[in-house]
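So the chains spell out like this:
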Amino acid sequence: MVRFSAIKQSNAAFAKQDVSNTRGLVVVLAGATSNLGQGTLMQLAAMLDGSTFYVLGRSATRFAGQLAKLEGLNPNLRVVFIETDVSLLSGIDSACQRIVAAEKKVDYLFMSQGCIPLTVPKYTKEGLDTCFALSYFSRIRLIVNLLPLLRQSPRPRVLSVLNGGREKAIREDDLGLEDARHYAPRPAINHTTLMMTLALELLASNDKQITFMHAFPGLVATDNFSRLSAPESYGLIGRLILPLVARFISTMQWLFGMSAADCGARQAFLLTSDKYGPGVAWRIDQKSESVTKAGVLDAYREQGWRDKVWDYTMRIFEKALATGS
């Protein structure tokens, strides 16, 4: 376990180093407008003097208050908010086009966008389940689009905060759970988790100078569950029960979870410390330690599922973009 005192010391030491080491860093963040993503953004802003942050989110108006805090925290920080729907591949593409046109490199890519899957899928206009789109497809699209700029960084790092180290078996005949009979919260989590790890492993095997990390944040005090609303298909009983369950889970999060700020400090540590190096797709637990036990991964690796997942992902990209156009 990396103690939180060590996390704070490492982050503080990084922030105090010669500004020439941090000035000019380019950071891209998705999912950083609330909860642990926001905590990560604020922590990085305090550490990276003279850097440029690209923050992807739905509403520049809602981000205005957060932007003012960032500017007060670090006047030398340049923050560019890109208003886009990160659940859409087309939204990811348009954001990346702006970044590629403006920058020669990207140093850190941080992704924590997501949602809580319910018992029925909810589709974007591109035909993807929203939770799959946010937790997996949009993240891989960001990486693919920004790979040319990541390759130009002397120390590129990609951090996807989801469920690293907690991979489970999946339905091999329905990777996207497109058959609604297969869809449920646990399968959706299992599928996006395993696919993320396998995709990052394939990427790491091809780009050995980039550090890829798939982290599990643990229990964090957020408002994710309190914002849940039941779809019409739930019926009256379901719409009555869901708020009660959500309220209970939210209470447990606030009572026993770490704060979004503390969780953000751990993610900033992963991006800036030398604990994790390039050439490997790291699976990292809530204590900022590497998960070495393979579990189900060995079988999926041996059966060529890195390539199978990647090929499936590329087919979905093509299909979704054609559907949304």
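Going by the structure above, here's the rest.
As the structure is a computational prediction, the values presented were derived from the model and not from experiment.

The rules behind the values
- The written sequence of each chain sets the order in which its residues are numbered from 1.
- Predicted model: local features are reported for residues with pLDDT of at least 70 only, side-chain atom pairs are reported and counted for 80 or more only, and whole-chain, interface and lining totals are derived from all residues.
- Side-chain calculation: all heavy atoms of the structure are included, whereas hydrogens and water are not.
- The disulfide criterion is simple: two cysteine sulfur atoms within 2.5 Å.
- The helix and strand labels rest on DSSP assignments: H or I over at least four residues marks a helix, E over at least two residues marks a strand, and numbering proceeds from the N terminus.
- Partly exposed residues are those whose accessible area sits between 20% and 50% of the maximum for their type, while under 20% is buried and over 50% is exposed, using a 1.4 Å probe and protein chains only.
- For this analysis, residues touch if any pair of their heavy atoms sits within 4.5 Å.
- The rule for pairing is simple: two strands pair if DSSP sees at least two bridges between them.
- Axes here mean lines fitted to C-alpha atoms, for a helix over just the part in contact, with angles spanning 0 to 180 degrees between N-to-C directions.
- A helix is expected to span 1.5 Å multiplied by its residue count minus one.
- Bend at a given residue is defined as the angle between two axes, one fitted to the seven residues that end at that position and one fitted to the seven that begin there.
- Whenever a nitrogen or oxygen atom comes within 3.5 Å of another N or O atom, the pair is scored as a polar contact, on the condition that within protein one atom can donate a hydrogen and the other can accept it, and that pairs from neighbouring residues in sequence are kept only if both atoms are in side chains.
- Grid points spaced at 1 Å and placed over the protein atoms alone form the basis of the search, with a cavity being a set where a 1.4 Å probe fits but cannot get out and a pocket an open set showing protein on both sides within 12 Å along at least five of seven lines. Lining residues have an atom within 4 Å of a point.
- Grid points are joined across faces, edges and corners, and a volume is the space filled by probe spheres set on the points.

### Remarks on the state of the cysteines
Two cysteines joined by a covalent bond between their sulfur atoms form a disulfide.
So, point 1. All chains considered together, the criterion is met by one disulfide.
So, point 2. With a sulfur-sulfur separation of 2.3 Å, cysteine 115 is cross-linked through a disulfide to cysteine 131. Torsion about the S-S bond of the cysteine 115 and cysteine 131 cystine: about -130°, corresponding to left-handed handedness. Taken together, the residues span a long stretch of sequence, with cysteine 115 in the loop between β4 (108-111) and α5 (130-150) and cysteine 131 in helix α5 at a distance of 16 residues.
So, point 3. When its relative accessible area of 8% is taken as the criterion, cysteine 131 is described as buried.

### Examining the environment of glycine 39
So, point 1. One can find glycine 39 in helix α2 (residues 35-47).
So, point 2. A relative accessible area of 12% means that glycine 39 is categorised as buried.
So, point 3. Expressed as a C-alpha distance, the spacing of glycine 39 and cysteine 263, which sit 224 residues apart in the sequence, is 6.9 Å.
So, point 4. Contacts of glycine 39, omitting those with residues within four sequence positions, involve Ala260, Ala261 and Gly264.

### Some details on the sheet that holds strand β1 (residues 26-30)
The strands making up a sheet associate through hydrogen bonds between their backbones, and the pairing can be parallel or antiparallel.
So, point 1. Pairing is parallel across the open sheet formed by seven strands, whose spatial order is β3-β2-β1-β4-β5-β6-β7. Every other strand in the sheet has two partners, leaving β3 (78-83) and β7 (281-284) as the edge strands with one partner each. Within this sheet the neighbouring strands show an average axis-to-axis angle of 15°, counted without direction.
So, point 2. In this structure, β1 lies alongside β4, joined through four bridges in parallel fashion. Following the sheet pairing, leucine 29 is matched in β4 by phenylalanine 110.
So, point 3. Docked against the sheet, helix α3 (residues 60-73) engages β2 (52-57) and β3, running at close to 170° with respect to β3.
So, point 4. With respect to the sheet, helix α8 (residues 260-272) is in contact with β4, β5 (157-161), β6 (211-215) and β7, its orientation differing from that of β5 by roughly 150°.

### A short note on α3
So, point 1. Between its first and last C-alpha, α3 extends 19 Å over 14 residues, near the 20 Å set by a 1.5 Å rise per residue.
So, point 2. Considering bend angle alone, the principal kink of α3 is centred on glutamine 66 and spans about 30°.
So, point 3. Looking at α3, one finds that the buried residues are Phe63, Gln66 and Leu70.
So, point 4. Where α3 is buried, its residues contact α2, β2 and β3.
So, point 5. Where α3 begins, the side chain of serine 59 points an oxygen toward the backbone nitrogen of threonine 61, at a separation of 3.4 Å.

### Overview of empty space enclosed by the protein
So, point 1. What the rule picks out here adds up to one cavity of 30 Å³ or more.
So, point 2. Its boundaries defined by the atoms lining it, the largest cavity holds a volume of some 40 Å³.
So, point 3. The wall of the largest cavity is formed by Ala215, Phe216, Pro217, Met258, Cys263, Arg266, Gln267, Leu270, Ile284, Asp285, Gln286 and Ser288.
So, point 4. Residue contributions to the lining of the largest cavity peak at four residues, all from α8.

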